[in-house]
2 protein chains.
Amino acid sequence: HINSIVFLLLFIMLSYYLCSFIVLIMFFSLPAVNAVWPMPQLISSSTDRYPLSPRQFIFQYASGSSAKSGCSVIDSAFKRYFPLIFVDYLKKTEKHMYRTFSMQPMLNVYASIHLSFPFSVVDKLSVSSGQASLRAKTVWGALRGNKTIHIRHYFVNKTEIDDFPRFKFRGLLLDTSRHYLPLPAILKTLDAMSYNKFNVFHWHIVDDPSFPYQSSTFPGLSSKGAFHPSTHVYSQTDVSRVISHARLRGIRVLPEFDSPGHTQSWGKGQPGLLTSCYKGSVPSGTFGPVNPAMSSSYQFISRLFKEVASVFPDPYIHLGGDEVDFTCWKSNPEVRGFMQKMGFGTDYTKLESYYMENIINLTKTLNKTSIVWQDVFDNHEKIPEETVLHIWKGSPAQIQQELSDITLAGYRVILSAPWYINHIAYGQDWTTYYNVQPLNFTGSEQQKSLVIGGEVCMWGEYVDATNLSPRLWPRASAAAERLWSDEKTTSSVTDAFPRLTDFRCRLLRRGIQAEPLFVGHCRHEYEGI
Amino acid sequence: HINSIVFLLLFIMLSYYLCSFIVLIMFFSLPAVNAVWPMPQLISSSTDRYPLSPRQFIFQYASGSSAKSGCSVIDSAFKRYFPLIFVDYLKKTEKHMYRTFSMQPMLNVYASIHLSFPFSVVDKLSVSSGQASLRAKTVWGALRGNKTIHIRHYFVNKTEIDDFPRFKFRGLLLDTSRHYLPLPAILKTLDAMSYNKFNVFHWHIVDDPSFPYQSSTFPGLSSKGAFHPSTHVYSQTDVSRVISHARLRGIRVLPEFDSPGHTQSWGKGQPGLLTSCYKGSVPSGTFGPVNPAMSSSYQFISRLFKEVASVFPDPYIHLGGDEVDFTCWKSNPEVRGFMQKMGFGTDYTKLESYYMENIINLTKTLNKTSIVWQDVFDNHEKIPEETVLHIWKGSPAQIQQELSDITLAGYRVILSAPWYINHIAYGQDWTTYYNVQPLNFTGSEQQKSLVIGGEVCMWGEYVDATNLSPRLWPRASAAAERLWSDEKTTSSVTDAFPRLTDFRCRLLRRGIQAEPLFVGHCRHEYEGI
């Protein structure tokens, strides 16, 4: 059934990041044309097809392209996708087969330029005899055209694709605090994310259990707060490798430094930062959230975030702000004194608001926009209008209400609650992730436009490098299609099943340890045992 | 915390299989003495310890041992366990450390013989200054003493262990029909089984979806019934590799050829074997269970089982016999005619009994004992008294009743129902497997003695090589301890948690992709990404 490929000539009309006006040639395999995942907005394909020679195939910049050799994003895409496309061809044992094959008449592969309106809204791919093109608004959009493996017979089908993402924020969260994830596990996840057209890696890098981020400003945070000071940390080199690996795959890295709660590990390397809990009139020896009554806390956060803002190029920082337990604050006489001084009475949500407002404003002075968990909205903090709210909890009805409320208040929102993929259940639970309707809530068109996307969360209580990949894929792929594709053309689980089954085999073939959906087989089973 | 090892001198007093009267020297690491998993029946250890030189350490047969070099089971154990014990020592980068270390005074390692009563009931390990011994009834028992990694400081604690398994059948089922498992995945599972003291690999090798067993008598079964005739099959060589790999680790291979139901894939290569289902008076084109009305069916089973009996050396064959659907039989006029002829009326359980009795007797003529799923007992087939019943279903109360009923009827029984490990749930579900009390049913001591053991079942609907290891381990380890250890000394989940957490890290270190129990870390995280 794997009998065709689609030949892509990618015309990148506007690149806002690194390269502009480049031409990129891409191939991709379609076991059946409809097996593209996630589903393009528009696709039509005919049975007309043209043979193609892998031996004569090269990626190249078109003459006249304003992007030239040296554009790192496209250069590395050329390098990465050739072996993905020509997997079998590159296998020594099978070389002979393709040498024979390449004797057949072939389509000439060449690059050319199509100038078009630079702000075109859609990405277009069209393939016909001797002519193929893809128009993308941005280089990142073009990268996401690279659905490219398992080519065996090297034919190219006549195909037209118009494509664009439904949501611009398509995120995936990894939690490297509850378990340390070795760098290769993160890089591999980024690879898989790109195959699924995810574009934001939300790095929940620190939390209560450990602080693996090796800060240059505060080295004690990881030397004392990581599981191990040298083996279970992310050095500055590690972090920049992640950012660079992600960037070349069109993925932003959104760092989260969650506070004032979820900071137990911070306290180890930064004495005095956390609230000392009291039992009666004496400290109990345990600690609560960051102490919001001390100016030193804000000075610390300010210095830490200054570093974070320069290490992570993304214009957003996730500040957390979830699940703040007031018990310890209430027990601490200093905090109680501060409450009185500030006129907060006994309403500790006001104290929480005070803290969050301070660090949001502090983030703003670093020219970064804040993303915060929904708690910050629920507790009625005064928050700048550009802040993004992130929904992580609630029943389906509560989630709809929250979407309604947050967008009515004019804030942008990211939806994660239905995509807590760390929760597992027996059977095909991908259908649950697939059936989410992110815009199914009461609100105006204006409100709906404030839903900028969604995010799959893989919290780390029960997950580390041993089970991350099979637990993520292809379950997260269900959310990927929901975030990319038109809901109307992808509403049927029954229709999705064979495409996703096929896509999962493609992930396997690309080295992603994606688990099976149900009984059956892939032509090439996972061999990395 | 990893600061000691236990030095074992294994005296194998009786070997019934290959080697007799051999001496085996073994070391094992104990991060803390109680971290042995599964828990030995009796263990005592003191803080007295003796340094030990890895550079001077060799495995050797004692002079006077009646087993000598050439005993494959022990030779290969020598070879296998040295690198497992001296993991760090063998790492080039860390060699220097141990060279330095080996300058310290060391315990002389030597082998000696202790003659003892050949039929001793327990396996004993004792370690004291310059003297260590383990007595095992069999070579297999001795193999299970090899709990042996993560030695870093090379000390040996003064320790006494008396050990023996609670149940003699400690099985694990893999299903290679719903998904094909490449050979390395099976071999790796056998490795992990041996670390967990499992001793029976129940190979559910064929079923409805595919027939990967490459039969020499009926090559059509796999060429037509496997997912792929050449890549998704187990050749005779593959099968003998599995049997040999298992044997060297003290594991029996119990093959299952489940019939008369669960045989859809058989029908493809053996036309006429399955019952043709009828819609009214015409065949519908679909097929049901093996046709029990045709003598050709029994001739086929007889020839197939003759091959199976010679390929698999184990004295038992699992015949299945579960979930027989009567619908198709009822629709088939030939089968209805046979019912009438045999005087079965409309009671199709009698027809099922007739079939099962035939193939059980047929198995008996091959000098093999049958194991069958509980359905065969539930449907009141007349079955030979040596047949073993295998419980796979029911509520806890129903399971207790079934145990009671089967043992009252005098049959031996294997328990699997509480250990369907393919069923997953969020959180620490290993505790469920740990809390099973296999002998908690109404019955005499005689009845209880008929419970020969239990088996973890990993059915393959949602499992293949991508997720097998992290889904099996350490969840199956919970059952392993229940089957090996004294229930009284291992009744607490709270006590088991730190030991199992530690054991899981040891599995990781030995290359088993075992998933985490909860938040935390291993000194060496999984790196096989």
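The rules behind each value
- Residues numbered from 1 in each chain as written.
- Chains lettered and ligands numbered in written order.
- Predicted model: local features only at pLDDT ≥ 70, side-chain atom pairs only at ≥ 80, totals over all residues.
- Heavy atoms only, no water.
- Helix = DSSP H or I, 4+ residues; strand = E, 2+ residues; numbered from the N terminus.
- Buried < 20%, exposed > 50% of the residue type's maximum accessible area, 1.4 Å probe, protein only.
- Contact = heavy atoms within 4.5 Å.
- Areas by Shrake-Rupley, 256 points an atom, 1.4 Å probe, with all protein chains shown as cover.
- Disulfide = S-S within 2.5 Å.
- UniProt positions renumbered as here; feature names shortened; annotations may be inferred.
- Salt bridge = Lys/Arg side-chain N within 4 Å of Asp/Glu carboxyl O.
- Arc of directions from axis to C-beta.
- Polar contact = N/O pair within 3.5 Å; in protein donor to acceptor, adjacent residues only side chain to side chain.

### A few points about the overall build of chain A
Along chain A, the regular secondary structure elements total 19 helices and 16 strands. The 529 residues of chain A split such that 62% are buried. Taking all contacts inside chain A whose residues are at least 6 apart in sequence as the whole, residues at least 24 apart take part in 75%. Put simply, chain A shows about 19,700 Å² of open surface, and 54% of that area lies on carbon and sulfur atoms.

### What about the state of the cysteines?
Enumeration over the complete set of coordinates arrives at 4 disulfides over all chains. Here A:C277 pairs with A:C328 through a disulfide, and the sulfurs are 2.1 Å apart. What sets the handedness of the A:C277 and A:C328 disulfide is the S-S torsion sign, and at about -110° it is left-handed. One end of the pair, A:C277, is in strand β10 (residues 274-279); the other, A:C328, is in helix α10 (residues 327-331), and 51 residues separate them in sequence. Assessed through its relative accessible area of 11%, A:C277 is described here as buried. With its sulfur 2.0 Å from that of its partner, B:C505 forms a disulfide with B:C522. For the disulfide bridge between B:C505 and B:C522, the dihedral angle about the S-S bond is near -85°, and by the sign convention the bridge is left-handed. Here B:C522 lies in the segment after α19 (493-509) and B:C505 lies in helix α19, a separation of 17 residues in the sequence.

### Some details on the UniProt feature "active site" (unreviewed entry) in chain A
Residue and element names in this part refer to chain A. Under the UniProt annotation, "active site" (unreviewed entry) lies at E323. With respect to the helices, strands and loops of the structure, E323 is situated in the loop between β12 (316-320) and α10. Setting aside chain neighbours within four positions, we find E323 in contact with H262, D375 and W392.

### Side note on the pattern of salt bridges
Where side chains of opposite charge bring their charged atoms close, a pairing between them can arise. According to the stated counting rule, one finds 28 salt bridges over all chains in the structure shown. In this structure, the salt-bridge partner of A:E515 is B:R471, at a minimum N-O distance of 3.1 Å. Taken together, the positions of A:E515 in the segment after α19 (493-509) and B:R471 in helix α17 (residues 468-472) put the pair across two chains. Of the two residues examined, A:E515 and B:R471, each falls in the buried class.

### Digging into helix α11 (residues 333-342) of chain A
Residue and element names in this part refer to chain A. Where α11 is concerned, the buried positions are V335, F338 and M339. Take α11 and look down its axis: the buried residues cluster within an arc of 105°, on one side only. Turned more than 90 degrees away from the buried face of α11, the exposed residues are Q340 and K341. In this fold, the buried residues of α11 make contact with β10, α10 and α12 (348-365). Capping of α11 at its N-terminal end is provided by N332; its side-chain oxygen lies 2.8 Å from the backbone amide nitrogen of E334. Positive phi appears at G343, one or two residues downstream of α11, with a value of about 70°.

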